[in-house]
Amino acid sequence: SLNSTQIKGKIVLFFPHFGVFEMDNWMPFPYIYLGPFLEKSGFSVKIVDARVDRNWKDNLVKELKDSFALGITSMSGPDLKPAMEACDIARGMNNDIKIIWGGHHASALPDEILDEGYGDYVAIGPAEYSFPILLTSIVEKKEIPNDLKGVLMRKDGKNIGIRTPNAAKFDYDDSPAYHLIDVEKYRSKNNVVAYFKTRGCPFKCTFCATGNFNTSHKLPSQYHREITHLLKDLKFDNLCFRDPTFFLKASVVMDCAELINNLGKSKKWKGQARGTFHRQYTPEQFKYMKKSGLTSVMFGVESGSQRMLDFMVKKVKRDDYVKSAEVLGGLGIEMYASFMFAMPGETVADLRETIKLMHELKKVNPNIFL
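Residues numbered from 1 in each chain as written. Predicted model: local features only at pLDDT ≥ 70, side-chain atom pairs only at ≥ 80, totals over all residues. Heavy atoms only, no water.

Here's the deal with the sheet that holds strand β2 (residues 43-49)
So, point 1. With mixed pairing, seven strands are arranged side by side in an open sheet as β2-β1-β3-β4-β5-β6-β7. The sheet is open, and its two borders are formed by β2 and β7 (158-162), each paired with just one other strand. When strand polarity is set aside, the average angle formed by the axes of neighbouring strands in this sheet is 25°.
So, point 2. Bridging between strand β3 (residues 69-73) and strand β4 (residues 98-102) involves five bridges; their strand directions are parallel. Note on β4: the bridge partner recorded for Ala-69 is Lys-98.
So, point 3. Most of the contacts of helix α3 (residues 80-91) go to β4, to which it runs at about 165°, and overall it touches β1 (9-15), β3 and β4.
So, point 4. Docked against the sheet, helix α6 (residues 130-139) engages β1, β2, β3, β4, β5 (121-123) and β6 (151-155), running at close to 170° with respect to β4. (Pairing = 2+ DSSP bridges. Helix = DSSP H or I, 4+ residues; strand = E, 2+ residues; numbered from the N terminus. Axes fitted to C-alpha atoms, helices over the stretch in contact; angles between N-to-C directions. Contact = heavy atoms within 4.5 Å.)

Quick look at the packing of aromatic side chains
So, point 1. Scanning all chains against the criterion turns up 22 aromatic pairs.
So, point 2. Seen in terms of ring centroids, Phe-15 and Tyr-31 are 6.1 Å apart; in terms of plane orientation they differ by 85°. Their pairing is edge-to-face. Placement of Phe-15 in strand β1 and of Tyr-31 in helix α1 (residues 29-40) is noted, with a sequence separation of 16 residues between them.
So, point 3. A relative accessible area of 12% means that Phe-15 is categorised as buried.
So, point 4. Between Phe-170 and Tyr-172, the aromatic rings sit 6.0 Å apart at their centres with planes inclined by 90°, giving edge-to-face as the arrangement.
So, point 5. With a relative accessible area of 1%, Phe-170 lands in the buried category. (Phe/Tyr/Trp six-rings, centres within 6.5 Å; stacked < 30°, edge-to-face > 60°. Buried < 20%, exposed > 50% of the residue type's maximum accessible area, 1.4 Å probe, protein only.)

A few points about the sheet that holds strand β11 (residues 238-241)
So, point 1. Taken in spatial order, the six strands line up as β8-β11-β12-β13-β14-β15 in an open sheet, and their pairing is parallel. With partners counted over all chains shown, the strands left at the sheet margins are β8 (192-195) and β15 (368-369), one partner each.
So, point 2. Here β11 runs beside strand β12 (residues 268-273); their pairing, made up of three bridges, is parallel. Paired with Asn-238 across the bridge in β12 is Lys-268.
So, point 3. On top of the sheet, helix α7 (residues 220-233) reaches β8 and β11; it is set at about 160° to β8, its chief contact.
So, point 4. Strands β13 (294-302) and β14 (334-339) of the sheet are contacted by helix α11 (residues 318-331), whose axis makes an angle of about 170° with β13.

Rendered as structure tokens:
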């Protein structure tokens, strides 16, 4: 850890609430990934998470008093309101605090944030590599490097910078900075923890909001260390893989299943799959997944109309979902299926096909959540 003479400055990372408090919350992933990069670059980091801290406004003021920067992430939704309130608090401080936005909303609408004066800089896409460089430039009062990707700023009435985001790199040595949060505030009654082994998704469904089609996978040494830390050291009982498509590579999935199985028979896990799940594994592999604690597989089915599935470029056949439901039904594993309605060009006939597919799936796997 750094001693005070080594620290370049302190940054506060703010995670807004969604207006709903009586719920369980995942950890603030963007910040526990960013944390090690910022600390290695000589910055002291404090996370203020309004989802688990009702007194966040007072705590934000307290933490900003000796900080030079505020980082904010937000989706395009009700969490924008507390995010903007956090900006107002920072702007009202006596010390000059630079505000840097990141996350989905900032990546989608960076100009709006800069034009409205709610941010001094916007980080587009993954920022583990650009953020420390940006902060160092601010602290040392130097020009931002011209070749710094994914960082925009306002200068002379214009928004300048390279809009191309950094690659979705995820295979780095640093473990997430769990030391920056109180883990107990994120422990649900089911004692489930979320985990990302992959960043990005290689498929190009037309409705995708992220536009992040680059993928990067954690190395086996990384995910072995991190999953062991979560299930053994931090004593979580259940692991939810939040990768957009976890079940892509059989060898990696079976490696994870074996790891979890070896960490204790009471451990349970689940993840997200494509409709082609049913033909990606052998019957023996399916049985081993069940033995290792697989309890639920999530599918973004979206539609029961093949016309709409093709229109969305899902690259999946309607029948694939039925076959995957059959495989899971035979194993006694829950199927979790989500659907989308009112896509552009969707007809009542398409909607009827979707409702029909819901009934078919329920028939072959009664243990289904729609």
